[in-house]
Amino acid sequence: MELSVDDLAAAYPTTPPSELLLRIRQHLGYAGRLMDSRKTLPQHRRLLITVGWLSLLASTCHIDLGESSAAAARGHLAWKLADEAGHPEIAAWCLETRAWQQLTNGKFAAAAELSRAAQALAPENSSAFIQATAQEGRALARLGDSKGTYGTLRRVARLVSGLNTPDRPEHHFRYDPAKSDAYVATTLAWLGDPAAESYARHVLADLMGAATARPRRIASANLDLGLALVAADKPDEAANVALTAVTSGRLVPSNYWRVSEVVSGIEDRDAADAMTLREAFRDTYPH
């Protein structure tokens, strides 16, 4: 069961969330049957932790799919299990995941507050702590707090300096230092910093040249670059890279608002390109 959690968390970046949810539910069903079996107290705690991770990953998939109620229910279960098992890292990830959900819902102040709460709970320098710190920076950027954003980016840089790449860098709950530049690109793009363009280009080039394909991260990187190009007054190129992200078919509902943001930025400068992008989005993601 513990190995399965790692496999599922590692599959998260490359597997459609609806498909991953089916696999998670199968493991949760098996774990539920184990709950009724005889076991020692240490075995019981390990099972609680395993179910906590599975529930948290399920909550993340529901957020991707825009299923708020299901995400909240799964997240609440993960939180309760973390409390019962005395596992602060799962609890911190629960708050960080909620922060991300609030961020995608446009509730930036709540996202910043939840990110700070996650840092307070997380073991020092853990993956949850680093991720929550990065999430705080993104929320502050959306709030237009330049000083706070740059301060948070410096904190993340210190945390990841010298950090080794994990055995499975694609694992959703293990911080990959390579993600740092991607978060910087997103954060600077949201802040409107001109440096966002060069960061976004660098991140995209690294992803395109990587030995392991990461299509969802590539799609997100294209959206980052698109927004940065809008700020740099390069609407034609912004439309092209955003179109690449849209037609990849790898965006999930939690990304849709980011497409709208790029479209709105292009619309003021090139209505025809904005219309092309909007129509491609409707054709690729009918909803």
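The notes below deal with the structure included here. The structure presented is a predicted model; accordingly, all values stated were derived computationally and were not measured.

1. Quick notes on the side chain of Gln-119
The residue Gln-119 is located in helix H6 (residues 108-121) in this model. A polar contact of 3.5 Å, which involves the side chain of Gln-119, links it to the backbone oxygen of Ala-132. When near neighbours in sequence (up to four residues on either side) are disregarded, Gln-119 contacts Phe-129, Ala-132, Thr-133, Glu-136 and Arg-155.

2. Let's talk about the environment of Tyr-30
Topologically, Tyr-30 is positioned in helix H2 (residues 17-35). When the C-alpha positions of Tyr-30 and Val-241 are compared, they lie 43 Å apart, and in sequence the two are 211 residues distant.

3. Focus on the side chain of Asp-193
Mapped onto the elements of the fold, Asp-193 is located in the loop between helix H9 (179-191) and helix H10 (196-209). Within the structure, the side chain of Asp-193 is placed 2.6 Å from the side chain of Tyr-150, a separation counted as a polar contact. Other than its neighbours up to four places away in sequence, Asp-193 contacts Tyr-150 and Leu-188.

4. Describing helix H4 (residues 68-85)
Taking 1.5 Å of rise per residue, 18 residues should cover 26 Å, and H4 covers 26 Å from first to last C-alpha, within 8% of that figure. The set of residues buried in H4 consists of Ala-71, Gly-75, Ala-78, Leu-81, Ala-82 and Ala-85. Down the axis of H4, the buried set is contained in an arc of 125 degrees. They therefore lie on one face. Exposed residues pointing more than 90 degrees away from the buried face of H4 are listed as Ser-69, Asp-83 and Glu-84. Gly-86 occupies a position one or two residues after H4 and carries a positive phi of about 65 degrees.

5. A short note on the packing of aromatic side chains
For the structure on display, the rule yields 6 aromatic pairs. With a centroid separation of 4.9 Å and an interplanar angle of 40 degrees, the aromatic rings of Trp-53 and Phe-173 are classed as tilted. Of this pair, Trp-53 sits in helix H3 (residues 41-64) while Phe-173 sits in the loop between helix H8 (146-160) and H9, placing them 120 residues apart in sequence. The two residues Trp-53 and Phe-173 agree in class, both being buried. An angle of 50 degrees between the planes, with centres 5.6 Å apart, marks the rings of Trp-190 and Trp-257 as tilted. Taken together, the residues Trp-190 in helix H9 and Trp-257 in helix H13 (residues 256-267) connect sequence positions 67 residues apart. Here Trp-190 falls in the buried class, since its relative accessible area comes to 11%. Of the residues examined, Trp-257 reaches a relative accessible area of 22% and is grouped as partly exposed. In this structure an aromatic cluster arises from ring pairing among Trp-53, Trp-93 and Phe-173. Seen from the ring of Trp-190, Arg-142 lies directly overhead, with NZ or CZ sitting 4.9 Å from the centre.

Criteria and cut-off values
Along each chain, residues carry numbers from 1 onward, in the same order as the chain's sequence is written. Local features in this predicted model are restricted to residues whose pLDDT is 70 or higher, and side-chain atom pairs enter the listing and the counts only when it is 80 or higher, whereas totals over whole chains, interfaces and linings include all residues. Hydrogen atoms and water are omitted, and side-chain values are computed over all heavy atoms in the structure. Helix and strand definitions here come from DSSP, where helices need a minimum of 4 consecutive H or I residues and strands a minimum of 2 consecutive E residues; each element is numbered from the N-terminal end. The term polar contact refers here to a pair of N or O atoms within 3.5 Å; inside protein, the definition further demands a hydrogen-donor-capable atom paired with an acceptor-capable atom, and it admits residues adjacent in sequence only when both atoms are side-chain atoms. Note on contacts: a residue pair is in contact if any heavy atoms of the two residues lie within 4.5 Å. A helix's residues, less one, multiplied by 1.5 Å, set its expected span. Exposure classes here rest on a 1.4 Å probe applied to the protein chains alone. A residue is buried below 20% of its type maximum, exposed above 50%, and partly exposed in between. Working note: the arc is built from the helix axis to C-beta atom directions. Think of it this way: a Phe, Tyr or Trp ring, Trp meaning its six-membered ring, pairs with another when their centres are within 6.5 Å, and the plane angle makes it stacked under 30 degrees, edge-to-face over 60, tilted otherwise. Here, a charge over a ring means that NZ of Lys or CZ of Arg falls within 6 Å of the ring centre while also lying within 35 degrees of the ring normal.

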